[in-house]
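Below, each chain spelled out in residue letters.
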Amino acid sequence: MSDSTTTSASSPVVLEAWFDLQCPDCLRALDDVRALREKYGERVDVRLRHFPLEKHKHAYAAAQAAEEAAEQGKGWPYTEALLARTADLGERGEPVLLEVARELGLDAEEFDTALIDGRHLLVVDADQAEGKAIKVTGTPTYVVDGTRLDGGKSQDGLRERIEEIVDRLLAAAGRDDS
């Protein structure tokens, strides 16, 4: 899922954020994602990639719900609102997915249908398979310019490492107007 608020055909840098939407570490990582979007704006395309972990039993459905939110035009707002309720999702499960959709003014009936008919399963499965292929083992994990940065172990200094890579790429692309 691409961040439609910052996606630009001329974005020279793509930052893939591999998240589990029931993961408390991914909730904490949102501060870094917001700061990066604030700093770079349209020069960086932040893409949510799904990596639901087996230990979070509602993460797979949450990933599908995020894809439905993207279809309805509110992918990142939904992702952020859902991550803010990771504990609630863990306790109450899938009803939380529909509640968040309603709170954002999305079509909750369509969400329910999408979760039942599995229309977003292939996207989530493809993300998960690609994540395993590039050795994502935990969340959050970031990939920028082929460099994998694992935030599942520690997020200390991670944003600074991402900024170093992005700054280098933007300078090389002649877009160093930070």
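Structure: above.
What counts and how
- Residues numbered from 1 in each chain as written.
- Predicted model: local features only at pLDDT ≥ 70, side-chain atom pairs only at ≥ 80, totals over all residues.
- Heavy atoms only, no water.
- Helix = DSSP H or I, 4+ residues; strand = E, 2+ residues; numbered from the N terminus.
- Rg over C-alpha atoms; globule rule 2.2 N^0.38 Å.
- Buried < 20%, exposed > 50% of the residue type's maximum accessible area, 1.4 Å probe, protein only.
- Contact = heavy atoms within 4.5 Å.
- Areas by Shrake-Rupley, 256 points an atom, 1.4 Å probe, with all protein chains shown as cover.
- Lys, Arg positive; Asp, Glu negative; His and termini not counted.
- Charge placed at Lys NZ, Arg CZ, Asp CG, Glu CD.
- Pairing = 2+ DSSP bridges.
- Axes fitted to C-alpha atoms, helices over the stretch in contact; angles between N-to-C directions.

Asker: I keep staring at the overall build of the protein and nothing clicks. Help me out?
Answerer: Along the backbone of the protein there are 8 helices and 4 strands. Over its C-alpha atoms the protein spans a radius of gyration of 16 Å, differing by no more than 12% from the 16 Å that the globule rule assigns to 178 residues. A principal-axis box enclosing the C-alpha atoms of the protein has dimensions of 45 × 30 × 25 Å. By residue count, 51% of the 178 residues in the protein fall in the buried class. The long-range share in the protein, meaning contacts at least 24 apart out of those at least 6 apart in sequence, stands at 73%. Carbon and sulfur atoms make up 47% of the accessible area of the protein, which totals about 8,400 Å². Of the charged side chains in the protein, 22 are positive and 36 negative, and the gap between their average positions amounts to 4 Å.

Asker: Quick question: what am I supposed to make of the sheet that holds strand β1 (residues 13-19) here?
Answerer: With mixed pairing, 4 strands are arranged side by side in an open sheet as β2-β1-β3-β4. Each edge of the open sheet is held by one strand with a lone partner, namely β2 (44-50) and β4 (147-150). Recorded for the sheet is a direction-independent mean angle of 20° between the axes of neighbouring strands. Sheet topology places strand β3 (residues 141-144) next to β4; 4 bridges connect them, and they run antiparallel. Bridging across to β4, Tyr142 finds its partner in Leu149. Packing against the sheet, helix α1 (residues 24-40) makes contact with β1, β2 and β3, and its axis sits at approximately 170° to β1. Along the sheet, helix α7 (residues 121-133) makes contact with β1 and β2, crossing β2 at roughly 100°.

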